[in-house]
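# Chain and residue survey
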Amino acid sequence: MGDCIFCKIAKGEMPGNKLYEDDEVIAFHDIHPIAPVHFMLVPKAHISSLANCDSSHAGLLGRMLLLAPELARKQGLDSGFRTMINTGKGGGQEVFHLHIHVFGGGSSLPRT
Ligand code: 5GP
Ligand code: ZN
């Protein structure tokens, strides 16, 4: 996946404002934040979208979801946060490497 931005950030080939990393997952701040705190959880392996996951990804997806509250707390989002996964063109996905947005802080978020 030579031209995938998130693969490049995951491999350290492109700078990313990283806040967490383990063998499988990296988290970094969104370059265009929509809230005072806005970061993304990204698998290091290239998976295009949630629609390209199957049961073999269940463990990875579970670990990513469980990291959301842990990292949100560390980023000071004590009163809560929002998660978002844009999937496919119809879901507003722009970067076709799976990611979970986590954002919050400041005044309350609009209803969805
Ligand atoms: P999507 O619409 O695919 O869910 O969101 C992609 C997100 O990636 C956008 O919020 C955008 O601001 C962010 N993004 C795009 N390119 C980069 C980049 O090079 N670095 C970082 N940190 N975020 C990026
Ligand atoms: Zn990728």
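Residues numbered from 1 in each chain as written. Chains lettered and ligands numbered in written order. Predicted model: local features only at pLDDT ≥ 70, side-chain atom pairs only at ≥ 80, totals over all residues. Heavy atoms only, no water.

## Quick look at the overall build of the protein chain
Our working definition: Numbering of helices and strands starts at the N terminus; helices are DSSP runs of H or I of at least 4 residues and strands are runs of E of at least 2. Two things to know: the radius of gyration comes from C-alpha atoms, and the globule rule equals 2.2 Å times the number of residues to the power 0.38. Summary of the burial criterion: residues with accessible area below 20% of their type's maximum are buried, those above 50% are exposed, and those between are partly exposed, where the area comes from a 1.4 Å probe applied to protein chains only.
Helix and strand counts for the protein chain come out as two helices and five strands. When its helices and strands are written in sequence order, the protein chain yields α-β-β-β-α-β-β. For 112 residues, the compact-globule estimate of 2.2 N^0.38 gives 13 Å, and the protein chain sits close to it at 14 Å. Burial status across the protein chain gives 36% buried among its 112 residues.

## Notes on the site of ligand 1
Selection criterion: To be near a molecule or strand, a residue needs just one of its heavy atoms within 4 Å of it. Between N or O atoms, a polar contact is any pair within 3.5 Å; within protein, one atom must be a potential hydrogen donor and the other a potential acceptor, and residues adjacent in sequence are included only when both atoms are from side chains. Here a cavity denotes a set of grid points, spaced 1 Å apart and computed over the protein atoms alone, in which a 1.4 Å probe fits but from which it cannot get out, and a pocket denotes an open set meeting protein on both sides within 12 Å along at least five of seven lines; residues with an atom within 4 Å of a point are reported as lining. Those molecules having more than half of their atoms within 2 Å of a cavity or pocket grid point set are described as sitting in that cavity or pocket. Nonpolar residues are Ala, Val, Leu, Ile, Met, Phe, Trp, Tyr, Cys and Pro. Charged residues are Asp, Glu, Lys and Arg, and all others, Gly as well, are polar.
With respect to spatial proximity, 17 residues lie near ligand 1, and among them D30, E94, V95, H99 and H101 are the closest. Between a nitrogen atom of ligand 1 and a main-chain N or O atom of H29, the distance comes to 2.9 Å. The backbone of E94 places a nitrogen or oxygen atom 2.7 Å from an oxygen atom of ligand 1. Given that more than half its atoms are within 2 Å of the pocket grid, ligand 1 belongs to the largest pocket. Mapped onto the shell around ligand 1, the elements with two or more residues apiece are α1 (5-10) and β2 (25-29). Considering each element in turn, the shell around ligand 1 owes the most residues, three residues, to α1. Residue composition of the shell around ligand 1, by class: eight nonpolar, seven polar and two charged.

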